[in-house]
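A structural walkthrough
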Amino acid sequence: MILLDAGRVIDPSQKIDGTRTVLIDGERIKEVREQGATPAEKLVHTVIDCRGRWILPGLVDLHVHLREPGEEGKETIATGARAAVAGGVTTIVAMPNTRPVCDSAAVARFVAARGREAGFARVLPAGAITRGSNGEQLADMAELKEAGCVCVTDDGRPVMSAGVMRRALEYARDLDLPVMVHAEDLTLSSGGCMNEGPAATRLGLPGIPAAAEVAMVQRDLLLAELTGARLHVAHVSAAGSVRAIREAKARGVRVTCEAAPHHFTLTDEAVAGVAAALGPAGEPYDAHAKMNPPLRAESDRRAIIGALDDGTIDAIATDHAPHGAGDKQLEFINALNGVIGLETSLALTLALVRAGDLPISRAVERLTFGPARAFGLPYGTLASGATADAVVVDPEREWKVEPQRFFSRSRNSPFSGWTLRGRVLRTYVGGKLVHTEQGQ
Ligand code: DOR
Ligand code: ZN
């Protein structure tokens, strides 16, 4: 047995926040108890002194782009799963916009098998909604579910046809699969490369209005209500989306959603190099602040934080999107969308807690049990009998974000040079120690 001894256990799934000892027996949690390790236990078991540390359920990240198959130079399933556990993330949902797209059982089985072989974070494939994610013919969702997919999504692209979306929701409903949507009306967003607003005007860059997201969120909420399907809205970035989802939840629509750390930490001012100026020397345009949906206004950022607090947003998900230097060192308008996030999500979330914006129990809930519940996954909890996914964190340890030292194969973090507080010391997946911070 392994005893994580006398740490501050924060497990919102069981409303625990206090000094406890976590007993891991093989692959499972045996119990979380008040009594510390006894002298007799210390003789026969592996006892890890967790005084002054936090013990959390392993994090669940519903939105991760691994680039395998097809673009292994940016990330592989193994490097992404390794980066995940370094960030305390023990379960990741792999987006299907690979090459080929994960729209068949063959690709889904490949992703799951590679994840198992790698032996780091648990890798759960997401299947496509439509073949090739082209938004036209529905993928064989029954086959995808059978092959282990935990949701369907055309992430990276919207399903522009409301008619196709309706059929997709009906099909997914009958399989009880959540449909994750990338909410973007391309007729409003096309041509834009950052949030539409004063920053874009000043920089002379074409904008994407928040309405491009909000209009699609509204449409999909209506269709979820019509069909009774489970809708999951990916990377919510706009106050209007938050309002619409809050209202739909109150009406009983089966909707869940997620927000990304970059959207609750940065605003569109970061495009002008403000993010970089807070850390290393700023550049006039920072392509590491380019992603889809784009960074928004301060009022949107505040709305997302409010929704994390009140539960309108169920989950913090990174939208970890690895790209090479050559994809970012371009004119802003030509740079690719996306930032990596697996190794910074916990510390950025703790920054919200330290700023007094979010109670710690809610922050941990949105990283663990919230996402697990959204997809009906049996993780994100230290309950007796649960799979032993756990992280030991030093909440005070300061560290500098140096993407060169990340386990991820890509370096495209907007937080390079920032000093963050809160470091993962140990990560267990299914009772197996898969990450230790040096010296721990
Ligand atoms: O920023 C993004 N990157 N947004 C997306 O929708 C796709 C993703 C990617 O695959 O790089
Ligand atoms: Zn994505």
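Refer to the structure presented above.
Residues numbered from 1 in each chain as written. Chains lettered and ligands numbered in written order. Predicted model: local features only at pLDDT ≥ 70, side-chain atom pairs only at ≥ 80, totals over all residues. Heavy atoms only, no water.

Describing the coordination of the zinc ion (ligand 2)
Inclusion rule: Note that water is not among the atoms considered, so a metal site may appear incomplete; the donors listed are N, O and S atoms within 2.8 Å of the metal, with 3.2 Å applied to Na, K and Ca. Irregular is the default label, applied whenever a site is not tetrahedral (four donors, all angles between 85 and 135 degrees) and neither square planar nor octahedral (four or six donors, opposite donors over 155 degrees apart, all other angles between 65 and 115). Secondary structure elements follow DSSP: runs of H or I of four or more residues count as helices, runs of E of two or more count as strands, with numbering from the N terminus. Only protein chains enter the calculation, and the probe is 1.4 Å; a residue is then buried if its accessible area is under 20% of its type maximum, exposed if over 50%, and partly exposed in between.
In this structure, His63 (NE2), His65 (NE2), Asp155 (OD) and Asp319 (OD) serve as the protein donors to the zinc ion (ligand 2), at separations of 2.0 to 2.3 Å. One can describe the site at the zinc ion (ligand 2) as irregular: its 4 donor atoms subtend angles covering 85 to 169° at the metal. Counting gaps between the donor residues of the zinc ion (ligand 2) yields the pattern H-x1-H-x89-D-x163-D. Linking histidine 65 in the loop between β6 (59–64) and α2 (77–86) with aspartate 155 in the loop between β9 (152–153) and α5 (162–175), this pair joins segments that are 90 residues apart in sequence. Take histidine 65 and aspartate 155: they sit in the same class, and that class is buried.

Focus: the sheet that holds strand β8 (residues 122–125)
In a beta sheet, neighbouring strands are held together by backbone hydrogen bonds and run either parallel or antiparallel to one another. Quick note on the threshold: Strand pairing requires that DSSP identify at least two bridges connecting the strands. The convention used is that axes are lines fitted to C-alpha atoms, helices contributing only their stretch in contact, and that angles between N-to-C directions extend from 0 to 180 degrees. Contacts: residue pairs with any heavy atoms within 4.5 Å of one another.
Read across the open sheet, the 3 strands follow the order β6-β7-β8; overall the sheet is parallel. The outermost strands of the open sheet, each flanked by one partner alone, are β6 and β8. On average, adjacent strands in this sheet sit at an angle of 20° to one another, irrespective of strand direction. In terms of strand pairing, strand β7 (residues 89–94) meets β8 through 4 bridges, oriented parallel. By the bridge assignment for β8, valine 93 is matched with leucine 124. Strands β7 and β8 of the sheet are contacted by α2, whose axis makes an angle of about 140° with β7. On the sheet, helix α3 (residues 105–118) packs against β7 and β8 and is oriented at approximately 175° with respect to β8.

Notes on the pairing of strand β17 (residues 419–429)
Counting buried positions along β17 yields 8 of 11 residues, so the element is predominantly enclosed. When strand β16 (residues 390–400) meets β17, the two strands line up antiparallel, connected through 8 bridges. Of the residues in β17, the one forming a bridge with valine 393 is valine 424. Pairing geometry for β17 and strand β18 (residues 432–436), over 4 bridges, is antiparallel. Its bridge partner being in β18, valine 429 is matched across the sheet by lysine 432.

So, the packing of aromatic side chains
The condition is simple: Pairs were defined over the aromatic rings of Phe, Tyr and Trp, the Trp ring being its six-membered one, requiring ring centres within 6.5 Å. Orientation was assigned from the angle between planes: stacked under 30 degrees, edge-to-face over 60, tilted for the rest. A ring is considered to have a charge above it if a Lys NZ or an Arg CZ atom is located within 6 Å of its centre and within 35 degrees of its normal.
Summed over all chains, the structure comprises 1 aromatic pair. Measuring from ring centre to ring centre gives 4.9 Å for phenylalanine 415 and tryptophan 418, while their planes differ by 80°; the resulting arrangement is edge-to-face. Of the two residues, phenylalanine 415 and tryptophan 418, neither departs from the other in class, the shared state being buried. In this arrangement the basic side chain of arginine 122 is found over the ring face of tyrosine 379, its NZ or CZ atom lying 4.0 Å from the centre. For arginine 423, the ring lying beneath its charged end belongs to tryptophan 399, and the centroid distance is 4.4 Å.

Some words on helix α8 (residues 211–227)
Using the following cut-off: Residue count minus one, scaled by 1.5 Å, sets the expected span of a helix.
An ideal rise of 1.5 Å per residue puts 24 Å on 17 residues; α8 measures up with 24 Å between its terminal C-alpha atoms. Considered for burial, the residues of α8 that qualify are Ala212, Glu213, Val214, Met216, Val217, Arg219, Asp220, Leu221, Leu223, Ala224 and Thr227. Positive phi appears at glycine 228, one or two residues downstream of α8, with a value of about 80°.

Digging into the site of ligand 1
Note the threshold: Any residue with a heavy atom lying within 4 Å of a molecule or strand is counted as near it. For this analysis, a polar contact is any N or O atom pair within 3.5 Å, provided that within protein one partner can donate a hydrogen and the other can accept it, and provided that sequence-adjacent residues contribute only side-chain to side-chain pairs. Only the protein chains shown count as covering a residue, and every accessible area follows the Shrake-Rupley method with a 1.4 Å probe.
In the vicinity of ligand 1, the contacting residues are His65, Arg67, Asn97, Gly156, His182, Met291, Asn292, Asp319, Ala321, His323, Asn337 and Gly338. Contact between ligand 1 and histidine 182: an oxygen atom at 3.3 Å from a side-chain N or O atom of the residue. In the environment of ligand 1, an oxygen atom lies 3.2 Å from a nitrogen or oxygen atom belonging to the backbone of glycine 338. Protein coverage of the free-state accessible area of ligand 1, which is 290 Å², stands at 92%.

Remarks on the packing of α5 against α8
We apply this condition: Any angle that falls under 35 degrees is termed roughly parallel, while one over 145 is termed roughly antiparallel, one within 65 to 115 roughly perpendicular, and all others oblique. By the definition used in this description, the sense in which the near helix is turned from the far one sets the handedness, with an anticlockwise turn below a right angle giving left-handed and a clockwise turn giving right-handed. Polar here means any residue other than Ala, Val, Leu, Ile, Met, Phe, Trp, Tyr, Cys and Pro, which are nonpolar, and Asp, Glu, Lys and Arg, which are charged; Gly is therefore polar.
In contact at an axis separation of 10 Å, α5 and α8 are set at 45° when each is read in the N-to-C sense. Considering their axes alone, α5 and α8 lie oblique with respect to each other. Like other packed secondary-structure pairs, α5 and α8 cross with a definite hand, here right-handed. Touching Ala162, Met165, Arg166, Leu169, Glu170 and Arg173 of α5 are Arg219, Asp220, Leu223, Ala224, Leu226 and Thr227, all from α8. The residue makeup of the contact of α5 with α8, split by class, is 6 nonpolar, 1 polar and 5 charged.

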